[in-house]
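Below are the chains, spelled out letter by letter.
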Amino acid sequence: MKHSDLITTARSLVAEGKGILAADESTPTIKKRFDAIQVESTAATRQAYRELLFTADGVDAFISGVILFDETLRQTAADGTPFPQLLAGRGIIPGIKVDQGAKPMAGFPGEKITEGLDGLRERLDEYRQLGARFAKWRAVITIAHALPSSANIQANAHALARYAALCQETGLVPIVEPEVLMDGGHDIARCETVTARTLQAVFDALFHQRVELEGMLLKPNMVLSGLDCPEQAAVETVAARTVHLFRQVVPAAVPGIVFLSGGQSSLAATAHLNAMNALGPHPWELSFSYGRALQEDTLKAWGGDPGRVAQAQKTFHHRSQCNGAARYGQYRTDMEDMAA
Ligand code: 13P
């Protein structure tokens, strides 16, 4: 893909009113999601659930792209259409998770480093042939006493930049995901400091590895209070602090910032995105690349029952529509009363 094609794809992923569905749960992660609704995780149930999401009526108005896991990229709909082709046929761009997971970092107890660079060029080549047009790599940064270490931030930033350069060489738009975890009792100020350190290291590494910022997307955490922090910051505070920090550290050349939900409730993730967009205009598009926050209600509505597919698809449409409205800062909580 030419540089101009990378830019076109990156911009399409953050088109007005649209965002990304992260449906790239690895086999162990989707098993956890299915366990919660008492559904056995098999290749067949995973296929059925992903087909429910990808064929839901009307969601193409709000969903620009879907991130898939390796198994899903190779699966087909019941009528035999490969999933990447099914999505592309609806104007939804297929993407692929290409990291091989966050593993304990040697010498740094409690911290993780993401693996998957060896052989990545060849894997990216195959994914592109199978229809993927963008990719995702997630790094995990942990907040705890005396954590994160500089070594951990640097190692993850370096891997993210090496991955992003390889993606652009192959013609895939890299989504660069440094996730500062919400877990812990820390306050929002601590999240802000750690997120600042992390993003500065990531953009420094991207610059050194000659990554074209116009042809990538950033997928960060929002600036939030830790999950166990007794004083939870208000929606407007989260929005103001996140936007303020990002203006300091994210170059305007980046076309879009697509937030992860990271354990926020569905409603909080929508409300936060909405409040940030209401503070616009911004130098970049502010959008979503939610996994749990887009799927939680849909999984419950489905419950593994083929008779409940249509209802679950309506639930997914509703959540997508609310986040689509949040792209314009036009989400209102009374939209939730119109839920199917
Ligand atoms: P969550 O929105 O559930 O955090 O998932 C997004 C994602 O893709 C994590 O890598």
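First, a word on what this report is: a plain description of the structure on this page. (Residues numbered from 1 in each chain as written. Predicted model: local features only at pLDDT ≥ 70, side-chain atom pairs only at ≥ 80, totals over all residues. Heavy atoms only, no water.)

On to the site of the ligand, then. Taken together, 13 residues surround the ligand, and among them Lys 136, Lys 219, Ser 261, Gly 262 and Arg 292 come closest. Between Lys 136 and the ligand, the recorded distance is 2.5 Å, taken from a side-chain N or O atom to an oxygen atom. In the model, an oxygen atom of the ligand is placed 2.7 Å from a nitrogen or oxygen of the Gly 262 main chain. With the chains in place, 92% of the 300 Å² that the ligand exposes on its own is no longer accessible. Tallied by class, residues from the shell around the ligand come to 3 nonpolar, 4 polar and 6 charged. (Near = heavy atom within 4 Å. Polar contact = N/O pair within 3.5 Å; in protein donor to acceptor, adjacent residues only side chain to side chain. Areas by Shrake-Rupley, 256 points an atom, 1.4 Å probe, with all protein chains shown as cover. Nonpolar A, V, L, I, M, F, W, Y, C, P; charged D, E, K, R; others polar.)

Under the criterion given, the structure shown has 0 disulfides. The structure places no disulfide on Cys 191, whose sulfur is separated from the nearest cysteine sulfur, that of Cys 229, by 11 Å. Residue classification places Cys 229 among the buried residues on the basis of a relative accessible area of 9%. (Disulfide = S-S within 2.5 Å. Buried < 20%, exposed > 50% of the residue type's maximum accessible area, 1.4 Å probe, protein only.)

Here helix α6 (residues 120-129) has its buried residues at Leu 120, Arg 123, Leu 124 and Tyr 127. Taken down its axis, α6 places every buried residue within 100 degrees of arc, on the same side. Turned more than 90 degrees off the buried face of α6, the exposed positions are Glu 122 and Gln 129. Looking at the buried positions of α6, the neighbouring elements they touch are α4 (70-73), β3 (93-97), β6 (134-141) and α7 (150-170). (Helix = DSSP H or I, 4+ residues; strand = E, 2+ residues; numbered from the N terminus. Arc of directions from axis to C-beta. Contact = heavy atoms within 4.5 Å.)

Applying the stated rule across the entire model yields 16 salt bridges. In this structure, Asp 35 engages Lys 31 in a salt bridge whose closest nitrogen and oxygen atoms are separated by 3.0 Å. With Asp 35 and Lys 31 both in helix α2 (residues 27-36) and 4 residues apart, this pair spans about one turn of that helix. We classify Lys 31 as partly exposed; its relative accessible area is 43%. The salt bridge involving Glu 192 is made with Arg 241; its shortest N-O contact spans 2.8 Å. Placement of the pair is Glu 192 in helix α8 (residues 188-208) and Arg 241 in helix α9 (residues 235-249), with a sequence separation of 49 residues. If you follow the salt bridges from partner to partner, you end up with Asp 24, Lys 136, Arg 138, Glu 177 and Glu 179 in one network. (Salt bridge = Lys/Arg side-chain N within 4 Å of Asp/Glu carboxyl O.)

Treat this as a map of the structure, not an account of what it does.
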